[in-house]
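# Structural characterization, general
Listed below, chain by chain, are the residues.
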Amino acid sequence: MNCWLIKTEPSTWSWDDQKKNKTTSWDGVRNYQASNNLKAMKIGDLCFFYHSVTGKSIVGIVQVIRTYYPDSTDETGRFGMVDVGYVKELAKPVSLETLKADLRLSNMALIRQSRLSVMPISSEEWKIILEYSV
DNA sequence: GCCAACGTTGGC
DNA sequence: GCCAACGTTGGC
């Protein structure tokens, strides 16, 4: 199983929305690198749910429930999406500041490539981040 | 196929 | 609100 981190601006789609709706189509990705990451996701893969701009924290975990398929909101037909379902909320959100302060996480794409919206997370990184969330 | 101009993302 | 980083577009 692989682990991921997906970003969203709370004004567009927030953790509260996710909690209320349980599942959602992760549409709107318009970047090839991010889209390729979506394509590599498998059913059951876990994703950290990150609030960008407002919050700048990992707030919860979702799980892939449908693999890559065409994004109906993309007129060019170039990009796809996956469906994700609510798994759980972190007891404590993990802020970008916290992640940046831990040198073991300094290779994370979240830090090195701030504009990428879908990125893989190594199992070591996943574990470290989870420890901050309790 | 190069690159300038432009648009977008997201941290600060 | 600003701006750095970076992706995309389109003229040549």
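About the criteria used
Residues numbered from 1 in each chain as written. Chains lettered and ligands numbered in written order. Predicted model: local features only at pLDDT ≥ 70, side-chain atom pairs only at ≥ 80, totals over all residues. Heavy atoms only, no water. Near = heavy atom within 4 Å. Nonpolar A, V, L, I, M, F, W, Y, C, P; charged D, E, K, R; others polar. Disulfide = S-S within 2.5 Å. Buried < 20%, exposed > 50% of the residue type's maximum accessible area, 1.4 Å probe, protein only. Helix = DSSP H or I, 4+ residues; strand = E, 2+ residues; numbered from the N terminus. Contact = heavy atoms within 4.5 Å.

### A few points about the protein's contact with DNA strand C
Near DNA strand C the following residues occur: N31, Y32, R78 and R115. Of the residues assigned to the surface near DNA strand C, the class counts are one nonpolar, one polar and two charged.

### Quick notes on the state of the cysteines
Overall, the coordinates contain zero disulfides when judged by the stated rule. Free of any disulfide, C3 has its nearest neighbouring cysteine sulfur in C47, separated by 8.5 Å. Exposure remark for C47: the relative accessible area of 0% places this residue in the buried category.

### Topic: the environment of T67
Relative to the elements of secondary structure, T67 occurs in strand β4 (residues 57-70). A residue is classified by how much of its surface remains accessible, and T67, at 34% relative accessible area, is partly exposed. Sequence separation between T67 and K39 is 28 residues; the distance between their C-alpha atoms is 7.2 Å. Apart from residues no more than four positions distant in its own chain, T67 is found in contact with M41, K42, I43, M81 and V82.

What is shown is where atoms sit, not what they do.
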